[in-house]
Amino acid sequence: MVSTNQGPDGAAVVALEQPAGRRKPALSVIIVTPDSYDTIRNLVGALRAQTVRDALELVIVAPAAAALRADIGDLDDFCCWRIVELGILRSVARAKTAGIRCATAPVVVMTEDHSLPDPAWAQALIDAHGQGWAAVGPAMCNGNPESLISWADFIIGYGPWFDPTAAGEVDDLPGHNTSYKRDLLLEYKDRLEELLAAESILHQELRARGHRLYLEPAARTFHSNFTQPSRWIPYLCYSGRLFAAQRVYSWPLLRRAAYSAGACLIPLVRLKRLVPGIRRSRPDLLPRVLAPLLFALVVDAVGQWLGYTFGAGQAAEKVARLEFHRNGLLAHAARPPRREDLGQAAPQREE
């Protein structure tokens with residue numbers, strides 16, 4: 001079946017779909033690939049291992065449906081699926097916005113090709129949303145902990161949600177991996193793409209409107225991080241620039257100038273917030289990861305200075321090119337890796 005929806009820029013988006021049967025999906029999983037099915041094969045495998053896969057709708061956003069048609073049989077185990085043709089991937093946020101608009105479940109969850117959920121992940125998110133939370137995030141696990149660069153990348157991006165952690169209401173949730181009430185996202189209309197480019201800003205806005213966010217440690221996902229400096233360094237800079245540009249979009253010039261001037265303090269401020277979490281979770285890791293972590297924070301600060309001073313530029317497009325095909329992604333994972341497989345010591349458990 002083929003349907004047409006409105007894309008994030010108002011253009012028509014063609015969707016190839018298998019409609020739901022009698023049972024409506026409880027959770028729409030937004031999946032983005034910049035090219036072919038091979039990029040998301042491991043992720044779909046982890047989703048097929050979900051205990052409630054028959055309650056899931058997969059919404060796959062791709063440049064062209066033809067690149068995925070040969071593997072459509074992999075999707076038969078789910079409640080229903082949609083393939084959204086978007087053309088060239090200009091930004092990940094744009095692709096996710098198109099997927100959300102084409103989804104049909106009351107809750108949508110963001111995913112990444114390099115973040116493989118535990119089999120109980122979907123059920124835990126669905127159960128938590130039944131309690132009325134606006135957004136529910138998972139506990140994050142390091143999916144490739146053999147590299148210090150991976151640990152530095154993981155701590156910068158997901159240190160506050162390092163598994164295991166306590167369940168409860170929080171001010172912020174892990175970007176690119178959080179679930180939301182779909183109707184709340186659609187209320188942002190044309191601003192949704194902008195907010196999905198920096199989800200911490202979206203979380204601030206949700207809380208300002210009186211909505212509440214929840215961290216559910218029973219929903220766990222294994223995130224593979226950068227290990228190659230040649231890709232990691234530019235990604236840090238571009239993502240920092242994109243975040244800062246989205247953050248100051250509506251700020252007065254004086255406030256923007258103040259943050260631009262103070263960008264040199266960002267590494268020290270962030271390091272001070274991150275170190276206590278490392279000491280609680282992996283004290284053995286701190287002496288070894290401190291140098292690459294500080295280096296990464298400096299690169300991120302340079303990116304944020306560029307964003308505060310000059311705006312986003314081409315940062316969204318650059319991030320989209322680096323986001324996929326992470327080095328270290330488990331090549332044949334049919335399920336998320338177990339902690340014993342990874343040799344990952346159990347942490348005791350802001351940026």
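Look a little higher up for the structure.
Criteria and thresholds
Residues numbered from 1 in each chain as written. Predicted model: local features only at pLDDT ≥ 70, side-chain atom pairs only at ≥ 80, totals over all residues. Heavy atoms only, no water. Helix = DSSP H or I, 4+ residues; strand = E, 2+ residues; numbered from the N terminus. Buried < 20%, exposed > 50% of the residue type's maximum accessible area, 1.4 Å probe, protein only. Areas by Shrake-Rupley, 256 points an atom, 1.4 Å probe, with all protein chains shown as cover. Axes fitted to C-alpha atoms, helices over the stretch in contact; angles between N-to-C directions. Left-handed = near helix turned anticlockwise from the far one by under 90°. Contact = heavy atoms within 4.5 Å. Nonpolar A, V, L, I, M, F, W, Y, C, P; charged D, E, K, R; others polar. Salt bridge = Lys/Arg side-chain N within 4 Å of Asp/Glu carboxyl O. Parallel < 35°, antiparallel > 145°, perpendicular 65-115°, else oblique. 1 Å grid on protein atoms, 1.4 Å probe; cavity = no way out; pocket = protein on both sides within 12 Å on 5 of 7 lines; lining within 4 Å. Points joined across faces, edges and corners; volume = space filled by probe spheres on them. Polar contact = N/O pair within 3.5 Å; in protein donor to acceptor, adjacent residues only side chain to side chain. Phe/Tyr/Trp six-rings, centres within 6.5 Å; stacked < 30°, edge-to-face > 60°.

Undergrad: It is not clear to me how the overall build of the chain should be interpreted in this structure. Could you clarify?
TA: A count of helical and extended segments in the chain gives 13 helices and eleven strands. Within the chain, buried positions represent 57% of all 351 residues. Per element, the accessible surface of the chain, about 14,500 Å² overall, is 55% carbon and sulfur.

Undergrad: Any chance you could explain the packing of helix α10 (residues 266-281) against helix α11 (residues 286-310) here in plain terms?
TA: For any two helices packed against each other, the geometry comes down to the angle between their axes and how far apart the axes lie. Running from N to C, α10 and α11 point in directions that differ by 145°, and their axes come no closer than 9 Å. Of the two elements, α10 crosses α11, and the hand of that crossing is right-handed. For the pair α10 and α11, contact is made by I266, P267, R270, L271, L274, V275, I278 and R279 and by L286, V289, L290, L293, L294, L297, V298, D300, A301, Q304 and Y308, respectively. Here the residues of the contact of α10 with α11 are counted per class, giving 15 nonpolar, one polar and three charged.

Undergrad: Where do I start with the pattern of salt bridges in this structure?
TA: Pairs can form between side chains of opposite charge once their charged atoms are near each other. The full count for this structure, using the stated rule, is 16 salt bridges. For R207, the salt bridge goes to D171, with nearest N and O atoms at 3.9 Å. Of this pair, R207 sits in helix α7 (residues 199-208) while D171 sits in the loop between β9 (168-170) and β10 (179-181); the two residues are 36 residues apart in sequence, bridging distant segments of the chain. Residue R191 is joined to E205 by a salt bridge in which the shortest nitrogen-to-oxygen separation is 2.8 Å. Placement of the pair is R191 in the loop between α5 (182-186) and α6 (192-196) and E205 in helix α7, with a sequence separation of 14 residues. By relative accessible area, R191 is classed as partly exposed at 31%. The network of salt bridges with common partners includes R48, R53, D74 and D77.

Undergrad: I would appreciate a short explanation of the packing of helix α4 (residues 148-158) against helix α8 (residues 229-247) in the present structure.
TA: It is the contact of α4 with α8, at a shortest axis distance of 11 Å, that shows an interaxial angle of 20°. If you check the angle between α4 and α8, you find them roughly parallel. α4 and α8 meet at a crossing whose hand is left-handed. Taking contact as the criterion, the partners of I149, A152, D153 and I156 in α4 are, on α8, P229, W232 and L236.

Undergrad: For this particular structure, what's the right way to read the environment of A70?
TA: Position of A70 among the secondary structure elements: in the loop between β4 (56-62) and β5 (80-85). What makes A70 exposed here is its relative accessible area of 78%. With 33 residues separating them along the chain, A70 and Y37 place their C-alpha atoms 8.7 Å apart.

Undergrad: Would you mind showing me how to read empty space enclosed by the protein here?
TA: As a volume, the largest cavity reaches approximately 80 Å³. Of the residues that constitute the lining of the largest cavity, the class distribution is three nonpolar, three polar and four charged. Space inside the second largest cavity adds up to approximately 40 Å³. Looking at the lining of the second largest cavity, the elements that each hand over two or more residues are β6 (107-110) and β7 (115-117).

Undergrad: Looking at this model, I keep getting lost on helix α1 (residues 41-48). Mind explaining?
TA: Because the α-helix completes a turn every 3.6 residues, residues three or four places apart line up on one side. Where burial is concerned, most of α1 is hidden: six out of the eight residues are buried. Within α1, burial applies to N42, L43, V44, G45, A46 and L47. Of the surrounding secondary structure, the elements contacted by the buried residues of α1 are β3 (27-32), β4, β7 and α3 (121-129).

Undergrad: Where do I start with the side chain of N144 in this structure?
TA: Summarising the element assignment, N144 is placed in the loop between β8 (135-142) and α4. Given the relative accessible area of 4%, N144 is considered buried. At 2.9 Å, the side chain of N144 and the backbone nitrogen of N225 are in polar contact.

Undergrad: How should I be thinking about unusual backbone geometry in this particular structure?
TA: Apart from glycine, the bulk of residues carry a negative phi angle, and the bulk of peptide bonds sit in the trans form. Located in the positive-phi region is H176, a residue other than glycine, with phi close to 70°. Residue placement: H176 occurs in the loop between β9 and β10. With a relative accessible area of 24%, H176 lands in the partly exposed category. A positive phi angle, near 60°, is found at H325, a position not held by glycine. Residue placement: H325 occurs in the loop between α12 (315-323) and α13 (339-342).

Undergrad: What's the story with the packing of aromatic side chains in this structure? I'm lost.
TA: How two aromatic rings sit relative to each other is set out by the distance from centre to centre and by the angle between their planes. With the rule as written, the count across this model stands at eleven aromatic pairs. With a centroid separation of 4.6 Å and an interplanar angle of 25°, the aromatic rings of W133 and Y214 are classed as stacked. Separated by 81 residues along the polypeptide, W133 in the loop between α3 and β8 and Y214 in strand β11 (residues 213-223) bring together distant segments of the chain. For the residue pair W133 and Y214, the accessibility class agrees, reading buried in each case. Considering the side-chain rings of F154 and F162, the 5.4 Å spacing of their centres and the 80° angle between planes classify their relative orientation as edge-to-face.

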